[in-house]
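In case you want the letters, here they are:
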Amino acid sequence: VNDRPDGLNRFAELRSQLAQLRDGGQVIGLVPTMGALHAGHAALIERARADCNAVVVSIFVNPIQFDRRDDYDAYTIDLAKDVEFCAALGADFVFAPSAPEMYPEPASTFVEVAGVSAHLCGKFRPGHFRGVATVVAKLFNIIAPHKAYFGEKDAQQLAVIERMVADLNMPIEIVSVLTVREPDGLAVSSRNSRLTGEERQAAAALYQALKIGEDCIRKGWTSAAQVRSAALAHLQQPPWRVEYLEVVDASSMTPVAQVAGPVRIAAAAWLGAVRLIDNVRVDKIQT
Ligand code: PAF
């Protein structure tokens, strides 16, 4: 039922179906996505399927989280294909609102998660995490899931959402799922399909660089600057344009000078017109 242009009835219908399940004691899991579903999303849906009685996958290309118009325009999705993908993995609901349904009027209310969104992608993509946190808060309000699933590939996004949920007392468990990788180590991403053949060959070097940094820390290196240099040396060859490569505290996502506790080595780098991000977490530090 969608007899109002703002989609409110459609939202109300989904809400009431989910409320019935919730009242019947069913656990509801949400997997928020922007469509173009791939093996990384499959891992999230499978995990939600294993944990929950009812799985909702949201598919919404959120305009307010894009800092570049060309990136938004390039984000084309095939909804019918994505719905099939979700059904094959046993999802119970696909929530795919339109932009006017989600934003009937330009938004006046935004969720800003300070600190954790200040560095890395937050520094290079102004407004990105504000857009992510705002849309995820809206999805949480519409679906009211018990659990929500996010990939570690977007580690800063995960940290932003965890912080938002803690700060705003949202009664939702955030579940993180390990990054899914291609056989050569490249993190699976919808952006990978935009790489040329040559760029795709080169792309695995990003993960290799992060692993070099990880090895240095495991060997006992504590200077973040030295770890960075060792990792960056692997990305010296053109055609890489490194936006950032940082050693950050694993929970605050703030760059550290000395490696003392759990960290992530996180990077964003361009191959031609494609921006790739990746990270590795290093928990066990040799002393
Ligand atoms: O990771 C994504 O696909 C998006 O940032 C998310 C979490 C669905 C919000 O639009």
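This text gives an overview of the structure that appears in the document. Source: prediction; values computed, not measured. (Residues numbered from 1 in each chain as written. Predicted model: local features only at pLDDT ≥ 70, side-chain atom pairs only at ≥ 80, totals over all residues. Heavy atoms only, no water.)

Below, the discussion takes up the overall build of the protein. When its secondary structure is counted, the protein shows 11 helices and eight strands. The C-alpha radius of gyration computed for the protein amounts to 20 Å, which stays within 12% of the reference 19 Å derived for 287 residues, consistent with globular compactness. Counting only C-alpha atoms and orienting by the principal axes, one finds that the protein spans roughly 60 × 40 × 35 Å. Sorting the 287 residues of the protein into buried and exposed places 48% on the buried side. Residue pairs in contact within the protein that sit at least 24 positions apart in sequence constitute 71% of those at least 6 positions apart. For the protein, the accessible area works out to roughly 13,500 Å², and carbon and sulfur atoms hold 51% of it. A gap of 4 Å separates the mean positions of the 29 positive and 33 negative side-chain charges of the protein. (Helix = DSSP H or I, 4+ residues; strand = E, 2+ residues; numbered from the N terminus. Rg over C-alpha atoms; globule rule 2.2 N^0.38 Å. Buried < 20%, exposed > 50% of the residue type's maximum accessible area, 1.4 Å probe, protein only. Contact = heavy atoms within 4.5 Å. Areas by Shrake-Rupley, 256 points an atom, 1.4 Å probe, with all protein chains shown as cover. Lys, Arg positive; Asp, Glu negative; His and termini not counted. Charge placed at Lys NZ, Arg CZ, Asp CG, Glu CD.)

Our next topic: the sheet that holds strand β8 (residues 274–282). What holds strands together in a sheet is hydrogen bonding between their backbones, with the strands either parallel or antiparallel. Ordered by their spatial adjacency, three strands build an open sheet running β6-β7-β8, and the pairing between neighbours is antiparallel. Of all the strands in the sheet, just β6 (240–249) and β8 have a single pairing partner and so form its edges. Across the sheet, the axes of successive neighbouring strands diverge by a mean angle of 15 degrees, strand direction being ignored. Relative to β8, strand β7 (residues 263–271) runs antiparallel, the two being bridged by nine bridges. Its bridge partner being in β8, L271 is matched across the sheet by V274. With respect to the sheet, helix α10 (residues 205–218) is in contact with β6, β7 and β8, its orientation differing from that of β8 by roughly 25 degrees. (Pairing = 2+ DSSP bridges. Axes fitted to C-alpha atoms, helices over the stretch in contact; angles between N-to-C directions.)

Attention shifts here to the packing of α10 against helix α11 (residues 224–233). Across the interface, α10 lies against α11 with an axial gap of 8 Å and an inter-helix angle of 145 degrees. Judged by the twist between their axes, the crossing of α10 over α11 is right-handed. Contact residues: α10 offers A209, I212, G213, C216 and I217, while α11 offers V227, A230 and A231. Split by residue class, the contact of α10 with α11 holds seven nonpolar, one polar and no charged. (Left-handed = near helix turned anticlockwise from the far one by under 90°. Nonpolar A, V, L, I, M, F, W, Y, C, P; charged D, E, K, R; others polar.)

By size, the foremost hydrophobic cluster in this structure holds 45 residues, and its most contacted members are F140, I143, I161, M164 and I174. With 10 residues, the top contributor of residues to this core is helix α7 (residues 128–143). (Core = buried A, V, L, I, M, F, W, Y, C linked by side-chain atoms within 4.5 Å.)

The next subject is the site of the ligand. Around the ligand, the neighbouring residues are P32, T33, M34, N62, Q65, V132, V135, F150 and Q157. Separating an oxygen atom of the ligand from a side-chain N or O atom of Q157 is a distance of 2.7 Å. Within the complex, the protein chains bury 89% of what would otherwise be the 290 Å² of accessible surface of the ligand. If you list the elements that add at least two residues to the shell around the ligand, you get β1 (28–33) and α7. (Near = heavy atom within 4 Å. Polar contact = N/O pair within 3.5 Å; in protein donor to acceptor, adjacent residues only side chain to side chain.)

In this section: the state of the cysteines. In this structure the tally under the stated criterion is zero disulfides. Here C52 is not disulfide-linked; the sulfur of C86 is the nearest cysteine sulfur, at 14 Å. (Disulfide = S-S within 2.5 Å.)

With that out of the way, let us pick up the pairing of strand β5 (residues 173–177). The pairing of strand β4 (residues 147–151) with β5 spans five bridges and is classified as parallel. Each residue of the ladder has a partner; that of A148, found in β5, is I174. Taken together, β4, helix α8 (residues 155–167) and β5 form a β-α-β motif whose crossover is right-handed. (Right-handed = clockwise from strand over helix to strand, strands pointing away.)

Before going further, it helps to examine the side chain of N192. Mapped onto the elements of the fold, N192 is located in the loop between β5 and α9 (197–203). Beyond its immediate chain neighbours, meaning those up to four positions away, N192 contacts L186, A187 and L276.

This part covers the packing of aromatic side chains. Tallying each qualifying case throughout the model produces five aromatic pairs. With 5.6 Å between their ring centres and 70 degrees between their planes, F66 and Y75 make a pair best called edge-to-face. Take Y75: its relative accessible area is 13%, and that puts it in the buried class. Here the guanidinium or amino end of R130 rests over the ring plane of F110, the centre of that ring lying 3.8 Å away. When the ring centre of Y207 is taken as origin, the NZ or CZ atom of R181, which lies over that ring, is 3.6 Å away. (Phe/Tyr/Trp six-rings, centres within 6.5 Å; stacked < 30°, edge-to-face > 60°. Lys NZ or Arg CZ within 6 Å of the ring centre and 35° of its normal.)

Glancing now at the side chain of S223. For S223, the location among the structural elements is in the loop between α10 and α11. If near-sequence neighbours (up to four positions away) are discounted, S223 is found in contact with A257 and Q258.

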